[in-house]
Amino acid sequence: MDQTLTLTLSREDIVRLCERVEGAQTRAYAIPKLTDEYPAMTIADGYAVQLELRRRFLAAGHKQVGWKAGLTSRAKMKQMGVDVPSIGFLTDRMARPENSAISTHDLVHPRVECEVAFVTRKDLQGPGCTRQDVLDATDYVLPAVEIIDSRFSGFKFDLPSVVADNGSSARFVGGGRPRYVEDLDLPTLGVVMEKNGETVAGAAAAAVLGHPAEAIAMLVNILAELGEGLPAGSFVMSGGITEAVPVKAGDSVIARFQELGSVSMRFVE
């Protein structure tokens, strides 16, 4: 077995780290990256902490709506100094309406990135899930902005820590207009992000592993390693097309997607 899939943490350690991450997420404070204390921590350990966190959130009444792929663009991998993408879960309490005011007082290091979101109409199961399997199972795609929020001091982390922190998931906004995948050339879709009226990032969706559906296939295959599948009706974000852009109270953001319309929001205290 790949060493990254080997658990080194005890059940007690997993619960302890989950409580540490949960505290940082729910009360919005920064913590040292988890590998400072557990240098041998693997990606599998990170997922064990993440799945414990999900269990707690669901027990507290959150409803899971889907998953997200993270660090799927070369820009993001380079920005974060990692070489493997990751996944995280999404719940109803992370969703925000299009054009809404999003509070920053309960976030630590908020950053925004443009993503293509997929909504599935069939179950997907790995291992061996392919881009074509994803396209065949997709009901429609829509434009989205993810507000990520690493809870680690100085926005510095490694892959096991970010996986445990649920891929820095915090908030997400879907908008624009849903489109069928067969009506689009997804890799060539351009997106531009504006902050306070100024263009701050832009790229084509091919920045996500050559094709955003590749990121969803990868996510389904990681789920298989965790003993799970992707159910029909899931909302899945395929990862940031551009690098993540910091935001603060007072900022307004609009992401303009070719063919898919725009997604806008503003940030308040």
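Fair warning: this is a prediction, and the values are worked out from it, not measured in the lab.

Q: Sorry if this is basic, but what is going on with the layout of surface pockets here?
A: Space left empty within the atom packing is revealed by a probe, the size of a water molecule, rolled over the atoms. If you add up the space inside the second largest pocket, you get close to 290 Å³. Taken together, 16 residues line the second largest pocket, and the ones lying closest to its centre are Gln25, Thr26, Phe57, His62 and Arg171. Sort the elements by how many residues they give to the lining of the second largest pocket and helix 1 (residues 11-27) lands first, with three residues. Classifying every residue of the lining of the second largest pocket by side-chain character gives five nonpolar, five polar and six charged.

Q: I keep staring at helix 1 and nothing clicks. Help me out?
A: Side chains that are three or four residues apart share a direction in an α-helix, a result of its 3.6 residues per turn. Given a rise of 1.5 Å per residue, 17 residues ought to cover 24 Å, and the 24 Å separating the end C-alpha atoms of helix 1 matches this to within 8%. Turning to helix 1, its buried residues number three or more, namely Asp13, Ile14, Leu17, Cys18, Val21, Glu22, Gly23, Ala24 and Gln25. Tucked inside the fold, the buried residues of helix 1 contact helix 2 (43-59) and helix 5 (159-164). Following helix 1 by one or two positions, alanine 28 has its phi on the positive side, about 55°.

Q: Hey, could you run me through the packing of aromatic side chains in this one?
A: To describe a pair of aromatic rings, one takes the distance between the centres and the angle between the planes. Under the counting rule described, the total for this entry stands at four aromatic pairs. For the pair phenylalanine 57 and phenylalanine 89, a centre-to-centre distance of 6.0 Å together with 75° between the ring planes defines the contact as edge-to-face. You can see phenylalanine 57 sitting in helix 2 and its partner phenylalanine 89 sitting in strand 2 (residues 86-91), a full 32 residues away along the chain. Here phenylalanine 57 and phenylalanine 89 have matching classes, each one buried. Pairing phenylalanine 172 with phenylalanine 235 gives two aromatic rings, centres 5.1 Å apart and planes at 25°, and the pair type is stacked.

Q: What should I look at first to understand the side chain of arginine 171 in this one?
A: Take arginine 171: it is sitting in strand 6 (residues 171-174). Among the residues examined, arginine 171 registers a relative accessible area of 13% and is labelled buried. Polar contacts involving the side chain of arginine 171 include one to the side chain of aspartate 106, which spans 3.2 Å. Setting aside residues no more than four positions away along its own chain, arginine 171 makes contact with Met94, Arg96, Ile102, Asp106, Leu107, Glu146 and Ile147.

Q: Just to check I follow, could you spell out the nonpolar core for this structure?
A: Generally speaking, nonpolar side chains in soluble globular proteins are found buried as a group. Of all hydrophobic cores here, the largest spans 85 residues; its most connected members are Val112, Phe118, Leu186, Leu219, Leu230 and Met265. At nine residues, helix 6 (residues 212-225) tops the list of elements feeding residues into this core. Once residues within four sequence positions are removed from consideration, valine 112 is found in contact with Val145, Glu146, Ile147, Met193, Glu243, Ala244, Val245, Val247, Val253 and Phe267.

Q: Help me understand the environment of aspartate 123 in this model?
A: Tracing the backbone shows aspartate 123 in the loop between strand 4 (110-120) and helix 4 (131-137). You can call aspartate 123 exposed: its relative accessible area is 60%. With eleven residues separating them along the chain, aspartate 123 and valine 134 place their C-alpha atoms 9.6 Å apart. Here aspartate 123 is in contact with Leu230, Pro231 and Ala232, once residues within four sequence places are set aside.

Q: I keep staring at the pairing of strand 12 (residues 261-268) and nothing clicks. Help me out?
A: Here strand 3 (residues 101-103) runs beside strand 12; their pairing, made up of three bridges, is parallel. In the strand pairing of strand 12, alanine 101 is matched with arginine 266. Bridge analysis of strand 11 (residues 252-257) against strand 12 gives six bridges, and the strand direction is antiparallel. Note on strand 12: the bridge partner recorded for isoleucine 254 is serine 264. Taking the residues between adjacent antiparallel strands as the criterion, strand 11 and strand 12 are bridged by three residues, where glutamate 259 takes a positive phi near 70°.

Q: I tried to follow the UniProt feature "domain: Fumarylacetoacetase-like C-terminal" (unreviewed entry) in the protein chain on my own but got confused; where do I start?
A: Look at the UniProt record and you will see "domain: Fumarylacetoacetase-like C-terminal" (unreviewed entry) annotated at residues 87-267. Helix makes up 15% of residues 87-267 and strand 36%, and the two end C-alpha atoms of the span are 26 Å apart.

About the criteria used
Residues numbered from 1 in each chain as written. Predicted model: local features only at pLDDT ≥ 70, side-chain atom pairs only at ≥ 80, totals over all residues. Heavy atoms only, no water. 1 Å grid on protein atoms, 1.4 Å probe; cavity = no way out; pocket = protein on both sides within 12 Å on 5 of 7 lines; lining within 4 Å. Points joined across faces, edges and corners; volume = space filled by probe spheres on them. Helix = DSSP H or I, 4+ residues; strand = E, 2+ residues; numbered from the N terminus. Nonpolar A, V, L, I, M, F, W, Y, C, P; charged D, E, K, R; others polar. Expected span 1.5 Å × (residues − 1). Buried < 20%, exposed > 50% of the residue type's maximum accessible area, 1.4 Å probe, protein only. Contact = heavy atoms within 4.5 Å. Phe/Tyr/Trp six-rings, centres within 6.5 Å; stacked < 30°, edge-to-face > 60°. Polar contact = N/O pair within 3.5 Å; in protein donor to acceptor, adjacent residues only side chain to side chain. Core = buried A, V, L, I, M, F, W, Y, C linked by side-chain atoms within 4.5 Å. Pairing = 2+ DSSP bridges. UniProt positions renumbered as here; feature names shortened; annotations may be inferred.

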